Amino acid sequence: MQVTEVDITQKISGCARCGVLFKYRPSKKYCSANCRKRANEPKQNSFSSKKVRHENERRLERAKWLGIEYYRTQPRFRFSFIYELIEQAIRLNDKQLIAILTNFKMLNAHPRHDPKFFPTKNHSDQNIAQIAQQFSLLVHERPIKIYISEQRKIKKASE
Ligand SMILES: [Zn+2]
């Protein structure tokens, strides 16, 4: 059998999402399961996702500022700083603040790998979600997320 140019080009295909080349297979459109998944997700450039992104940015910005404020506070007043912050989030039903204090990504962030989640470049410093978590475990003897949701339920019931 003679191999023509067409045959050769048909043996290679490009990922429909990222363009990476791979060996041609009739049903294969994407280079990887990841690209297939990403390509089939709804487009993220819509109005709503832009809004979500802005909200995330604002939240991150506020989280950083809270962390800076915390470390600016004299050590002996830090306990009441974080205590007040948590109680204020519940009292004012400040959803942004609650989202910050209970943020899973921030809580599990590593200062070296995820510096954007940290208020300072000092690697021994924690972010405000980690500080709140530590406080809650110590003082309320439960994770911050549980404590806040319990307190919100109590508050709602009393209104
Ligand atoms: Zn791909």
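Residues numbered from 1 in each chain as written. Predicted model: local features only at pLDDT ≥ 70, side-chain atom pairs only at ≥ 80, totals over all residues.

Draft legend 1. Region of the structure containing the overall build of the protein chain. Across its full length, the protein chain carries eight helices and two strands. When the helices and strands of the protein chain are listed from N to C terminus, the series reads α-β-β-α-α-α-α-α-α-α. At 24 Å, the protein chain has a C-alpha radius of gyration far larger than the 15 Å of a compact globule built from 159 residues. By its C-alpha atoms, the protein chain is 85 × 40 × 30 Å across when sized along the principal axes. Looking at the protein chain residue by residue over its 159 residues, the buried ones come to 19%. (Helix = DSSP H or I, 4+ residues; strand = E, 2+ residues; numbered from the N terminus. Rg over C-alpha atoms; globule rule 2.2 N^0.38 Å. Buried ≥ 20, exposed ≤ 12 C-beta atoms within 10 Å, placed from the backbone.)

Draft legend 2. Structural context of helix 7 (residues 128-139). With 12 residues, helix 7 ought to run about 16 Å at 1.5 Å a step, and its terminal C-alpha atoms sit 16 Å apart, in line with that. Those residues of helix 7 that fall on the buried side of the exposure criterion are Ile128, Ala129, Gln130, Ile131, Ala132, Gln133, Phe135 and Ser136. Just downstream of helix 7 lies glutamate 141, where phi reads positive at about 55°. (Expected span 1.5 Å × (residues − 1).)

Draft legend 3. Highlighting the domain arrangement of the protein chain. Examined at the domain level, the protein chain breaks down into domain 1 (5-40) and domain 2 (55-158). A straight line from the C-alpha centre of domain 1 to that of domain 2 covers 45 Å. (Domains from an automatic or database assignment.)

Draft legend 4. Spotlight on helix 4 (residues 75-91). Taking 1.5 Å of rise per residue, the 17 residues of helix 4 would be expected to cover 24 Å, and the 25 Å separating its terminal C-alpha atoms lies within 8% of that figure. All of the buried residues along helix 4 are Ile82, Leu85, Ile86 and Ala89. Around the axis of helix 4, the buried residues are gathered within 90° of arc, so they sit on the same side. Exposed positions of helix 4 whose direction lies more than 90 degrees from the buried face are Arg76, Phe77, Ser80, Glu84, Glu87, Gln88 and Arg91. Immediately beyond the C-terminal end of helix 4, within one or two residues, lies asparagine 93, with a positive phi of roughly 50°. (Arc of directions from axis to C-beta.)

Draft legend 5. Looking closely at unusual backbone geometry. For asparagine 93, which is not a glycine, the phi torsion comes out positive at approximately 50°. Residue placement: asparagine 93 occurs in the loop between helix 4 and helix 5 (95-101). Its identity is not glycine, yet glutamate 141 carries a phi of approximately 55°, on the positive side. Checked against the element boundaries, glutamate 141 lands in the loop between helix 7 and helix 8 (144-158). Overall, the presence of 9 C-beta atoms within 10 Å leaves glutamate 141 in the exposed class.

Draft legend 6. The arrangement of the confidence of the model for the protein chain in detail. Residues with a pLDDT of 70 or more make up 91% of the protein chain, whose mean pLDDT is 87. Highest mean pLDDT in the protein chain belongs to helix 5 (97); lowest belongs to helix 1 (residues 5-10) (49). (pLDDT = per-residue confidence, 0-100.)

Draft legend 7. Fine view of the nonpolar core. In this structure, Ile82, Ile100, Leu101, Ile128 and Ala132 are the most contacted members of the largest nonpolar core, which totals 21 residues. Among the elements of the structure, helix 3 (47-72), helix 4, helix 5, helix 7 and helix 8 are those that each provide at least two residues to this core. For this core, the leading source of residues is helix 7, giving five residues. (Core = buried A, V, L, I, M, F, W, Y, C linked by C-beta atoms within 7 Å.)

Draft legend 8. Structural view of the environment of serine 13. Following the sequence through the fold, serine 13 ends up in strand 1 (residues 12-14). It is 40 Å that separates the C-alpha atoms of serine 13 and phenylalanine 117, two residues lying 104 residues apart in sequence. In contact with serine 13, not counting residues within four places along its chain, are Phe22, Tyr24 and Lys28. (Contact = placed C-beta atoms within 7 Å.)

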